[in-house]
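Read off the chains here:
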Amino acid sequence: MAELHVVGEIVGASGFEDRNLFCKWGLEAGSMWELVEGESGGQTHCDYPPDGEPSVVWAHPVDAHFAAKSLVGWPKMWFQVWAMDTHGAKDLAGYGFAHVPTSAGEHTLQVATWCPEGTRAEKLSAFFVGGKPRLKFEEVIHAPGDRFRLQTKAAGIVTLNLGVCVKDFDKYNVSH
């Protein structure tokens, strides 16, 4: 089978309203792909940057090895950025996703994230009680179907450094 290796790191984030952030992430691929080795998801630590520091640093490793029978369902990474307050309560800071680059080599990706706006009642509740609106079905983050219907606002940027290595795509007639 053709193989894809993805090695790198989730560097950090910038541009978010909140400062004490951590990130839940995952790799999704189609049915013609198999994760041979590595983690399909995880969570970074929570970074508490000092005042005046414009971004958080996670430096969280990513290492995945896929085997593929087809290009259909090329892997993508999804992200949920969360903020933690001084009491340990966590709240959504943003959702985002990016396709793993299709060309071999080193890549720096800037992944734009967004938050659902919610209804007026949800906005009012968030103002007085806390807790931003969240997605009911998290597959919407990376699935192409229903995301266009959402009312969203920009949240911030997640930065990735990924090294991509492809092997035997030509040998198995999988053109890329």
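Just so it is clear, the structure is predicted and the values come from calculations on it, not from any experiment. (Residues numbered from 1 in each chain as written. Predicted model: local features only at pLDDT ≥ 70, side-chain atom pairs only at ≥ 80, totals over all residues. Heavy atoms only, no water.)

## Focus: the pairing of strand β7 (residues 90-99)
A regular strand carries its side chains on alternate faces of the sheet.
Link 1 in the chain: Counting buried positions over the 10 residues of β7 gives seven, a clear majority of the element.
Link 2 in the chain: As paired strands, strand β6 (residues 76-84) and β7 are joined by nine bridges and run antiparallel to one another. Within β7, the residue paired with W78 across the bridge is F97.
Link 3 in the chain: Here β6 folds back onto β7, and the loop between the two strands holds five residues, one of which, G88, carries a positive phi near 85°. (Buried < 20%, exposed > 50% of the residue type's maximum accessible area, 1.4 Å probe, protein only. Helix = DSSP H or I, 4+ residues; strand = E, 2+ residues; numbered from the N terminus. Pairing = 2+ DSSP bridges.)

## Digging into the layout of surface pockets
Link 1 in the chain: Its volume calculated, the second largest pocket comes out at about 170 Å³.
Link 2 in the chain: If you go around the second largest pocket, you meet 13 residues; those closest to its centre are D18, A83, D85, A89 and D91.
Link 3 in the chain: Breaking the lining of the second largest pocket down by element, the ones donating at least two residues are β6 and β7.
Link 4 in the chain: Grouping the amino acids of the lining of the second largest pocket by side-chain chemistry returns three nonpolar, two polar and eight charged. (1 Å grid on protein atoms, 1.4 Å probe; cavity = no way out; pocket = protein on both sides within 12 Å on 5 of 7 lines; lining within 4 Å. Points joined across faces, edges and corners; volume = space filled by probe spheres on them. Nonpolar A, V, L, I, M, F, W, Y, C, P; charged D, E, K, R; others polar.)

## Notes on the environment of V164
Link 1 in the chain: Position of V164 among the secondary structure elements: in strand β9 (residues 152-167).
Link 2 in the chain: C-alpha of V164 to C-alpha of H107: the two residues are 57 residues apart in sequence and 7.8 Å apart in space.
Link 3 in the chain: Beyond its immediate stretch of four places on either side in the chain, V164 contacts L4, H5, V100, P101, S103, A104, G105 and H107. (Contact = heavy atoms within 4.5 Å.)

## A few points about the nonpolar core
Link 1 in the chain: Of all hydrophobic cores here, the largest spans 34 residues; its most connected members are W58, M77, F79, V158 and L160.
Link 2 in the chain: Contributions of two or more residues to this core are made by β1 (2-14), β2 (21-28), β5 (55-68), β6, β7, β8 (105-116) and β9.
Link 3 in the chain: Counting residues per element, this core draws most heavily on β5, which supplies six residues.
Link 4 in the chain: Counting seven residues, the second largest nonpolar core, distinct from the first, contains F22, W82, W114 and L135. (Core = buried A, V, L, I, M, F, W, Y, C linked by side-chain atoms within 4.5 Å.)

## Details of the packing of aromatic side chains
Link 1 in the chain: In total, this model carries four aromatic pairs according to the counting rule given.
Link 2 in the chain: Here the aromatic rings of W33 and F66 are separated by 6.1 Å at their centres, their planes lie at 80°, and the arrangement is edge-to-face. With W33 in strand β3 (residues 33-38) and F66 in strand β5, this residue pair connects regions lying 33 residues apart in the sequence.
Link 3 in the chain: For W33, a relative accessible area of 8% corresponds to the buried category.
Link 4 in the chain: By relative accessible area, F66 is classed as buried at 4%.
Link 5 in the chain: Each ring, one from Y95 and one from W114, has its centre 5.4 Å from the other, and the planes form 50°; the classification is tilted. Here W114 lies in strand β8 and Y95 lies in strand β7, a separation of 19 residues in the sequence. Pair check on accessibility: Y95 and W114 agree, each one buried.
Link 6 in the chain: Site record: aromatic cluster; members linked through ring pairs are W33, F66, W74 and F169.
Link 7 in the chain: For the cation-ring pair, K24 lies above W82, with the distance from its terminal atom to the ring centre recorded as 5.3 Å. (Phe/Tyr/Trp six-rings, centres within 6.5 Å; stacked < 30°, edge-to-face > 60°. Lys NZ or Arg CZ within 6 Å of the ring centre and 35° of its normal.)

## Details of the confidence of the model for the chain
Link 1 in the chain: Counting all residues, the mean pLDDT for the chain is 88, and 88% of those residues have values of 70 or more.
Link 2 in the chain: The weakest mean pLDDT in the chain belongs to helix α1 (residues 120-128) at 74; the strongest belongs to strand β4 (residues 41-43) at 97. (pLDDT = per-residue confidence, 0-100.)

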